[in-house]
Amino acid sequence: MRSWSPILRAVLALAAAYALLLAVARSGLLPAALQGQPAVLLMGILTAGFALGMGLGPRWVPGLLFLPWLLDLLLRHMPPTWVWPAALAGLLLVYGGGILTRVPLYNSNRAAWEALLGLCPPGLVRLADLGAGLGGPLAFLARARPDGFFLGVEASPLTFAAAWLRTLPVRGNCKMHWGSLWNQDLSGFEVVYAFLSPAPMPALWEKALREMRPGTLFVSNTFEVPGRAPTLRIPLPGRKDACLLAYRMEGIPSGPEPGRIE
């Protein structure tokens, strides 16, 4: 179960808490003091507890404690029926690409873009951004390095559309692809960049080992490759653990050495 999507585990935790509370209430064992709003609080506590037992981290606890209160509020003040399919469609358009891949939408800051620019080798550089999000890094790099080529891959439809529009002014050396990052061949790039989550890192590293050429760089924003020491770690402002982690693919370098890597 711990290998399942975090969203799926959160939903299962909520369902398990509801089922347990409903069974206790129907059996007559639920004290009167715990009925009504206290029951909603208890359901939040149970949901958070089940979620922790399913392997979700502590950062999920506040949201799961609040979720039953939100559901109770919605049930007391029921919105029009069209709101629910519209909300579901909106979530799928923005986050649909990450539901099965367990990759949420992360936005990197300008400091990360500038650090990534410093890792690009001189001369012709080809960079792939896997999970390009809203396209900020791609647009920045394409403007800063008109001699390079920059490709973004994004699976969520609405997020892809935003990135496509954002990179439209630099279309001469920048392209966006809508689809899964797992289908993107990495062999033609000097730098591959990803800001994903811990979940896909082992499989993505295996893909990089199979496809990237010796001497090229795999760069991860914040999330480490398990069991692999990075060639270079560049701290970033913001979260305490925020950094760029650069991994040079082993073997004889295939081109000019990127700046800032010895």
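Now for a look at the structure at hand. Since this is a predicted model, take the numbers as computed values, not measurements.

The secondary structure content of the chain amounts to 8 helices and 7 strands. Per-residue burial for the chain yields a buried fraction of 40% across its 262 residues. Accessible surface computed for the chain: about 13,700 Å², of which carbon and sulfur atoms make up 68%.

Attention now moves to the sheet that holds strand E7 (residues 243-248). Pairing in this open sheet of 7 strands is mixed, and the strands run E3-E2-E1-E4-E5-E7-E6 from one edge to the other. One side of each edge strand has no neighbouring strand; the edge strands of this open sheet are strand E3 (174-178) and strand E6 (232-235). Mean inter-strand twist for the sheet, computed between neighbouring axes without regard to direction, equals 15°. Its contacts with the sheet place helix H5 (residues 110-119) against strand E1 (126-130), strand E4 (191-194), strand E5 (217-221), E6 and E7, and it is angled at close to 20° to E7. Most of the contacts of helix H8 (residues 201-211) go to E5, to which it runs at about 165°, and overall it touches E1, E4, E5 and E7.

Turning next to the packing of helix H1 (residues 6-26) against helix H2 (residues 37-53). It is the contact of H1 with H2, at a shortest axis distance of 8 Å, that shows an interaxial angle of 130°. What the angle tells us is that H1 and H2 run oblique. For the crossing formed where H1 meets H2, the hand is right-handed. The residues of H2 that touch H1, namely those facing Ala13, Leu14, Ala16, Ala17, Tyr18, Leu20 and Leu21, are Ala39, Leu42, Met43, Leu46, Thr47, Phe50 and Ala51.

Here is what the cut-offs are and how they apply
Residues numbered from 1 in each chain as written. Predicted model: local features only at pLDDT ≥ 70, side-chain atom pairs only at ≥ 80, totals over all residues. Heavy atoms only, no water. Helix = DSSP H or I, 4+ residues; strand = E, 2+ residues; numbered from the N terminus. Buried < 20%, exposed > 50% of the residue type's maximum accessible area, 1.4 Å probe, protein only. Areas by Shrake-Rupley, 256 points an atom, 1.4 Å probe, with all protein chains shown as cover. Pairing = 2+ DSSP bridges. Axes fitted to C-alpha atoms, helices over the stretch in contact; angles between N-to-C directions. Contact = heavy atoms within 4.5 Å. Parallel < 35°, antiparallel > 145°, perpendicular 65-115°, else oblique. Left-handed = near helix turned anticlockwise from the far one by under 90°.

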